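Observations on the three-dimensional arrangement
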Amino acid sequence: MAIQESFLRCTACDQEAEHVVVYAGRFVSEIQCSGCGAVTRLDVSEDYLPDLCQRISSKPRRLARRLRRDPGELATSLPQRTLSKPLRMAEEFRTVWRSRRNG
């Protein structure tokens, strides 16, 4: 899950304002207006699982590419990323589930 900020026109208050954009994998699942606080949730559940399967199946190839490009960086970041991955995936699943229920 990734969170980014963007300057967008709010569909609720019709003002241009900073928005917090939440991604579940590669999909925008939630947008919140920093001005009025309106939250728009997008149901990405149907597209998410096929994308997750593709991400999982391509992981060994992506790790091998990173290993060839910068073995030292991979060796130092892999232990921490391996430990934090279950938490990051749980948060991603929660985001998808929340968008599905409230979409």
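So, a few notes on the structure that sits alongside this text. Because the structure is predicted, anything quoted here is derived from the model rather than measured.

When helices and strands are tallied, the chain shows two helices and four strands. Secondary structure elements in the chain, listed N-terminal to C-terminal, are β-β-β-β-α-α. Relative to its length of 103 residues, the chain is extended, with a C-alpha radius of gyration of 17 Å against a globular reference of 13 Å. With the principal axes as the frame, the chain shows a C-alpha extent of 50 × 25 × 20 Å. When contacts within the chain are restricted to residue pairs at least 6 apart in sequence, those whose partners lie at least 24 apart make up 33%. Element-wise, carbon and sulfur atoms account for 56% of the exposed surface of the chain, whose accessible area totals about 7100 Å². With 18 positive and 13 negative side-chain charges, the chain shows a separation of 10 Å between the mean positions of the two kinds.

What follows deals with the state of the cysteines. Considering all chains together, one arrives at zero disulfides under this definition. Free cysteine cysteine 33: the closest other cysteine sulfur is in cysteine 10, separated by 3.8 Å.

By size, the foremost hydrophobic cluster in this structure holds six residues: Ala24, Val44, Tyr48, Leu52, Met89 and Val96. Within the residue set of this core, elements represented by two or more residues are helix H1 (45–69) and helix H2 (71–102). With residues up to four places along the chain from it excluded, the contact list for tyrosine 48 reads Ala24, Gly25, Phe27, Arg55, Met89, Glu92, Phe93 and Val96.

With that out of the way, let us pick up a positive patch on the surface. Positive charge collects at one region of the surface, where Arg61, Arg62, Arg65, Arg68, Arg69, Arg81 and Lys85 lie side by side. When residues of the positive patch are traced back to their parent elements, those giving at least two are H1 and H2. At five residues, the largest contribution of residues to the positive patch is made by H1. Mapped onto the fold, arginine 61 is located in helix H1. We classify arginine 61 as exposed; its relative accessible area is 53%.

One ladder, built from eight bridges, connects strand E1 (residues 2–9) with strand E2 (residues 16–24); its direction is antiparallel. Counted as the bridge partner of glutamate 5 is valine 20 from E2. Following E1, the chain reverses through six residues before pairing antiparallel with E2; aspartate 14 in that reversal takes a positive phi of roughly 60 degrees. The pairing of E2 with strand E3 (residues 27–33) spans six bridges and is antiparallel. Across the sheet, the residue bridging to histidine 19 is cysteine 33, located in E3. In sequence, E2 turns back onto E3 through a hairpin of two residues, with glycine 25 there showing a positive phi of about 65 degrees.

About the cut-offs
Residues numbered from 1 in each chain as written. Predicted model: local features only at pLDDT ≥ 70, side-chain atom pairs only at ≥ 80, totals over all residues. Heavy atoms only, no water. Helix = DSSP H or I, 4+ residues; strand = E, 2+ residues; numbered from the N terminus. Rg over C-alpha atoms; globule rule 2.2 N^0.38 Å. Contact = heavy atoms within 4.5 Å. Areas by Shrake-Rupley, 256 points an atom, 1.4 Å probe, with all protein chains shown as cover. Lys, Arg positive; Asp, Glu negative; His and termini not counted. Charge placed at Lys NZ, Arg CZ, Asp CG, Glu CD. Disulfide = S-S within 2.5 Å. Core = buried A, V, L, I, M, F, W, Y, C linked by side-chain atoms within 4.5 Å. Buried < 20%, exposed > 50% of the residue type's maximum accessible area, 1.4 Å probe, protein only. Patch = residues over 30% accessible without salt bridge, like charges linked within 9 Å, V, L, I, M, F, W, Y side chains within 5 Å. Salt bridge = Lys/Arg side-chain N within 4 Å of Asp/Glu carboxyl O. Pairing = 2+ DSSP bridges.

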